[in-house]
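These are the residues of each chain, in order.
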Amino acid sequence: MSILELRDVHRVHGRGETAVHALRGVTLTVDAGELVAVMGPSGSGKSTLLNLAGGLDRPSQGEVAVDGTVLGRCSRRALAALRRRRIGYVFQDLNLLASLTAAENISLPLELDGVGLRQARRQAVAALSDVDLDGYATRFPDEMSGGQQQRVAIARALIGERRLVLADEPTGALDSHTGEAVLRLLRSKVDGGAAGVLVTHDARHAAWADRVVFLRDGIIVDTSGPLDQPDELLAAPGGTS
Amino acid sequence: MSVKHGILALLERGPMYGYQLRVAFEESTGGTWPLNIGQVYTTLSRLERDELVRPLPESEAGQRPYEITDAGRADLAVWFATPVGWTDRPRDELAIKLALALTTPGVDVRAVVQTQRTATMRTLQEYTRLKARIHQPTDLSWNLVLDAMLFRAEAEVRWLDHCEASLVRYSPPVASLAQAVPDETAAAPDRFAPHAEVEVSPR
């Protein structure tokens, strides 16, 4: 079942001679339980694609549907509710609210959706534990390291009934072990039935995806899926040195 | 790396017979380097000839364990202390292929780069899938062998990204193009960029 569908999506910024064609007819489907990585050079349209998928931007032409809902046909209010309930975002700027504690940052979307305060906080504390931040519930963002803040942002993106998780360089400035832990979390959320889109420059991070889509100049130029028999790789002559 | 030093390293843990060595070797490389038992015995007999190992009495089950000698220990210490030289590695076929693609008329270099990147990415995905199966980092040896392969594949993708960016910026020398084909407007795009957006004509 497809959670995210982009159908012949174009996005043009500006008009006339100075118009920039960020995306030129991108068609992409991401199913439940599938993680798709998007790679490409700077300016290839990766972030535009992610913003359109998350309903943060509208296509100039074509359609974007999340969980069967065409975003362009939604009212503002319906779109806001969909974004809050169905979509989790992990973007480069973490957007943690400085005046709220770690647990409050995580439980906020649940509370906005009417989940009782106590239950929302309980879920937030459990989500903090999932990202190895037990005991950090009452810390404010400026009392945590960049890596810890990143993990709070991940916990916030993965909490609740999110059907679609969108991540833009989610491992940012993290060291390789913490970065790997973040990708394992994203992977397990997707394995649990969500759909995920991961934008990254880093091939080692993209490799956690089921499919890797290469964008160039706003067009998908290639797609890499996994082999059928991973174990064969180890027996291959190229697998040893 | 040689099987010889692998076996010496394993014998440093204590005496072992052929089959045990084979199993331990494969375990410590996470199965990435399968050995057949014949290779193990051939290597053991060479090591015995060079007095780096010595055979012990056969067990009741007819298995003959070997132990490492002092000379073997010294040889192993030298091996661990010596960095692996780049010249010992096979030539980089991919780099040579790209260099040739760039100078061979009619070859779509960006397509060569993309085909390789997709293939390497797929390899990287598969290594990652194997890594994802390891939930507890209890088997550090296997984890590190896998990481080595991951980092190597990642480096190749980064290099391919760099190649692509260089191709986009590249302006072929005017003189050589003019000599090769008088009509340069027809020749340049054919050689370097089938993708219409990329400007390759000399500026």
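Just so you know, these numbers come straight off a predicted model, no measurement behind them.

Rules and cut-offs
- Residues numbered from 1 in each chain as written.
- Chains lettered and ligands numbered in written order.
- Predicted model: local features only at pLDDT ≥ 70, side-chain atom pairs only at ≥ 80, totals over all residues.
- Heavy atoms only, no water.
- Helix = DSSP H or I, 4+ residues; strand = E, 2+ residues; numbered from the N terminus.
- Contact = heavy atoms within 4.5 Å.
- Buried < 20%, exposed > 50% of the residue type's maximum accessible area, 1.4 Å probe, protein only.
- Areas by Shrake-Rupley, 256 points an atom, 1.4 Å probe, with all protein chains shown as cover.
- Core = buried A, V, L, I, M, F, W, Y, C linked by side-chain atoms within 4.5 Å.
- Pairing = 2+ DSSP bridges.
- pLDDT = per-residue confidence, 0-100.
- Polar contact = N/O pair within 3.5 Å; in protein donor to acceptor, adjacent residues only side chain to side chain.
- Axes fitted to C-alpha atoms, helices over the stretch in contact; angles between N-to-C directions.
- Parallel < 35°, antiparallel > 145°, perpendicular 65-115°, else oblique.
- Left-handed = near helix turned anticlockwise from the far one by under 90°.
- Nonpolar A, V, L, I, M, F, W, Y, C, P; charged D, E, K, R; others polar.
- Salt bridge = Lys/Arg side-chain N within 4 Å of Asp/Glu carboxyl O.
- Phe/Tyr/Trp six-rings, centres within 6.5 Å; stacked < 30°, edge-to-face > 60°.
- Lys NZ or Arg CZ within 6 Å of the ring centre and 35° of its normal.

Asks: Help me understand the overall build of chain B, please; the structure alone is not making it clear to me.
Replies: When helices and strands are tallied, chain B shows nine helices and two strands. Within chain B, contacts between residues at least 6 apart in sequence are counted, and of these 53% link residues at least 24 apart.

Asks: I'm lost on the overall build of chain A in this one. Help?
Replies: When helices and strands are counted, chain A shows eight helices and 10 strands. Taking all 241 residues of chain A together, 50% fall into the buried category. Put simply, of all contacts in chain A between residues at least 6 apart along the chain, 67% involve residues at least 24 apart. Total accessible area on chain A is roughly 11000 Å²; 48% of this is exposed by carbon and sulfur atoms.

Asks: I'm lost on the nonpolar core in this one. Help?
Replies: Grouped burial of nonpolar side chains is what soluble globular proteins tend to show. Formed by 52 residues in total, the largest nonpolar core has its most connected members in A:I106, A:L128, A:V152 and B:M121. With residues near it in sequence (within four places) discarded, A:L128 still touches A:A102, A:A103, A:I106, A:L133, A:D134, A:Y136, A:A137 and A:V152. Within the second largest apolar cluster, 30 residues are counted, among which are A:V30, A:V36, A:L82 and A:L215.

Asks: What is the right way to look at the pairing of strand β8 (residues 195-199) of chain A in this model?
Replies: For a regular strand, side chains alternate in direction, first toward one face of the sheet and then toward the other. Residue and element names in this part refer to chain A. A large share of β8 lies buried, amounting to five of its five residues. Burial along β8 is two-sided: A195, V197 and V199 facing one way and G196 and L198 facing the other are all buried. Note that strand β3 (residues 35-39) and β8 share four bridges and pair parallel. From the neighbouring strand, V36 faces β8, where its bridge partner is V197. Here strand β7 (residues 164-168) pairs with β8 via five bridges, running parallel. Each residue of the ladder has a partner; that of D168, found in β8, is V199.

Asks: How should the confidence of the model for chain A be read in this particular structure?
Replies: Mean pLDDT for chain A: 87, with 92% of residues reaching 70 or above. Counted against residues more than four places away or in other chains, residues 236-241 of chain A, with its pLDDT under 50, gives 10 contacts.

Asks: I would appreciate a short explanation of the sheet that holds strand β1 (residues 2-13) of chain A in the present structure.
Replies: Remark on secondary structure: sheet strands pair via backbone hydrogen bonds, oriented parallel or antiparallel. All names here are of chain A. Taken together, the four strands give an open sheet; going across it, the order is β2-β1-β4-β5, and neighbouring strands pair in antiparallel fashion. Edge positions in the sheet fall to β2 (20-31) and β5 (69-70), since each of these pairs with one other strand and no more. The pairing of β1 with strand β4 (residues 61-66) spans five bridges and is classified as antiparallel. Looking across to β4, one finds that H10 is bridged to Q61.

Asks: How should the environment of B:R73 be read in this particular structure?
Replies: Residue and element names in this part refer to chain B. Note on placement: R73 falls in helix α4 (residues 70-81). Between the alpha carbons of R73 and L11 there is a distance of 9.4 Å; along the sequence they are 62 residues apart. If we skip the residues at most four places from it in the chain, R73 touches E12 and I68. Separated by 3.1 Å, the side chains of R73 and D70 make a polar contact.

Asks: How do you make sense of the packing of helix α2 (residues 18-28) of chain B against helix α3 (residues 37-49) of chain B when you look at a structure like this?
Replies: How two helices sit against one another is set out by the angle between their axes and by the gap between those axes. All names here are of chain B. Remark: α2 packs on α3, axes separated minimally by 9 Å, with the N-to-C direction vectors making an angle of 115°. Classed by the angle they form, the pair α2 and α3 counts as roughly perpendicular. When you trace α2 past α3, the crossing you get is right-handed. Every residue of α3 that contacts α2 at G18, Y19, L21 and R22 is listed here: I37, V40, Y41 and L44. For the contact of α2 with α3, the per-class residue count stands at six nonpolar, one polar and one charged.

Asks: Would you mind showing me how to read the pattern of salt bridges here?
Replies: Where charged atoms from two side chains of opposite charge approach closely, those side chains can pair. Residues and elements named next belong to chain A. The full count for this structure, using the stated rule, is 29 salt bridges over all chains. Between R184 and E180 there is a salt bridge, with its nearest N and O atoms 3.2 Å apart. Of this pair, R184 and E180 both sit in helix α6 (residues 176-191), four residues apart, which is roughly one turn of that helix.

Asks: Mind showing me how you'd approach the packing of aromatic side chains here?
Replies: One pair of aromatic rings is described through two measures. These are the centre distance and the angle between the planes. Taken as a whole and assessed by the stated rule, the structure comprises one aromatic pair over all chains. With centroids separated by 5.0 Å and ring planes inclined at 50°, the aromatic side chains of B:W79 and B:F80 adopt a geometry described as tilted. Residue B:W79 is classed as partly exposed on the basis of its relative accessible area of 26%. In this structure B:F80 comes out as exposed when scored by relative accessible area, which is 57%. Note that A:R204 overlies the ring of B:F151, its terminal NZ or CZ placed 4.1 Å from the centroid.

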